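Residue-level structural notes
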Amino acid sequence: MPIDVHAHYVPLDILEPLAADAAAYGVSVVESAPGCQCLRFATGTQVRPFFAKLVEPVADRLASMDRTGIDRQILSIWTDIFGYGLPAAQGRRWHALLNDALARFTAREPGRFSWLASGALADPQAAARELERRVREDGAVGAVVAANIEGVNLGEVDLDAYWDCAQSLGVPVFIHPAAPGPTPRTRHFALNQIVQYTYDTTLCMGSLIGSGVLDRFPGLELILSHGGGALPWLAGRFDIMDHRMDRAQQKQVARQSPSQYLTRLTYDTILHDASALRWLVDRVGADRIVIGSDDSFPPADHDPLATLAATGLDAA
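Criteria and thresholds
- Residues numbered from 1 in each chain as written.
- Predicted model: local features only at pLDDT ≥ 70, side-chain atom pairs only at ≥ 80, totals over all residues.
- Heavy atoms only, no water.
- Pairing = 2+ DSSP bridges.
- Helix = DSSP H or I, 4+ residues; strand = E, 2+ residues; numbered from the N terminus.
- Contact = heavy atoms within 4.5 Å.
- Axes fitted to C-alpha atoms, helices over the stretch in contact; angles between N-to-C directions.
- Core = buried A, V, L, I, M, F, W, Y, C linked by side-chain atoms within 4.5 Å.
- Buried < 20%, exposed > 50% of the residue type's maximum accessible area, 1.4 Å probe, protein only.
- Polar contact = N/O pair within 3.5 Å; in protein donor to acceptor, adjacent residues only side chain to side chain.
- Right-handed = clockwise from strand over helix to strand, strands pointing away.

Let's shift gears to the sheet that holds strand β12 (residues 289-290). Ordered in space as β1-β4-β5-β6-β9-β10-β11-β12, the 8 strands form an open sheet in which the pairing is parallel. The open sheet has two edge strands with one neighbour each: β1 (3-8) and β12. Note that strand β10 (residues 222-224) and strand β11 (residues 266-268) share 2 bridges and pair parallel. Bridge assignment links L224 to a residue of β11, and that residue is Y267. Strands β9 (173-176) and β10 of the sheet are contacted by helix α7 (residues 191-210), whose axis makes an angle of about 155° with β10.

With that settled, consider the nonpolar core. Counting residues in hydrophobic clusters, the biggest one holds 90 residues, and the most contacted among them are L39, I81, W94, W163, M205 and L222. Here this core takes 7 residues from helix α4 (residues 88-107), the largest share from any one element. Those residues within four positions of I81 in sequence are excluded, and the remaining contacts are V10, L39, F41, V47, W94 and L98.

A few words on the side chain of R112. By secondary structure assignment, the location of R112 is in the loop between α4 and β5 (113-117). A distance of 2.9 Å separates polar atoms of two side chains, one belonging to R112 and the other to D66. From its side chain, R112 meets the backbone oxygen of D71 in a polar contact 2.7 Å long. Setting aside residues no more than four positions away along its own chain, R112 makes contact with L62, M65, D66, I70, D71, R72 and Q73.

Where burial is concerned, most of strand β6 (residues 142-146) is hidden: 5 out of the 5 residues are buried. Of the two faces of β6, the one carrying G142, V144 and A146 and the one carrying A143 and V145 are both buried. Pairing of β5 with β6 involves 2 bridges; the strand directions are parallel. Opposite A117, over in β6, you have A143 as the bridge partner. Once the chain exits β5 it traverses helix α5 (residues 124-138) before rejoining the sheet at β6, and the crossover so formed is right-handed. Here β6 pairs with β9 via 4 bridges, running parallel. Bridging from a neighbouring strand, V145 pairs with I175 of β9.

This is the structure:
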């Protein structure tokens, strides 16, 4: 059963509650152009309009899965709209709305879809309660978090209550980058999509390793998008600086060299390069690789099983 672990969907039924009471969520629906809807947050962030495939009818999504041989997608909401900067009460309501909508959507086709719950990480205790409720009551198979909280690395925020919840529930946490607005250096040449998103994942994991999160929660399972960003490729630099940095000054408390954590992590296949994917398999082991398509976005892998086959790996 080919399972696509990295696929996104935004149910359009979130728009009606926003239109009725945007202030309750801190999120409003605006038109960036005639007939072109997008979300604006009370924090001032306005995201790109929804891609057509991100909100496509369920029949269209199933047809595209059938064409590529994917039996099941594990869906997550678009991390750029997580709104981690919202005040606590609005953030809780916003993620409850997102989770309600995704739970309803996947329940329409339980044989083809599973889903990952999000939470307002600015309030880790509330996010942990939301995750537990969604796993126990609504069938979420794991969690999805953005790789930063308003520009702050996850390892530099006290999220232990959240990590502990995921570990106790025995569910994985999918870490996906978020970069709603390009930086001055990534404004052109698609560098935001090519570099900034993968850079975000790399910074996030460097912080989680260095701050000891993986040591404190040895049973925590993390799934990294886009082949882990640059983390596997920079493992040597992480290791050498782990030995040469002023660990106290840099707040480095990891008990092992960073490269030793690589096989604790799981990576999706979205590298768009068979030789790179084969190297990643050889580096971390085939058991640490999951299929991902990034369905809905321009950098998506439109035939992830062909990508996997191109590596030359055998069936085992």
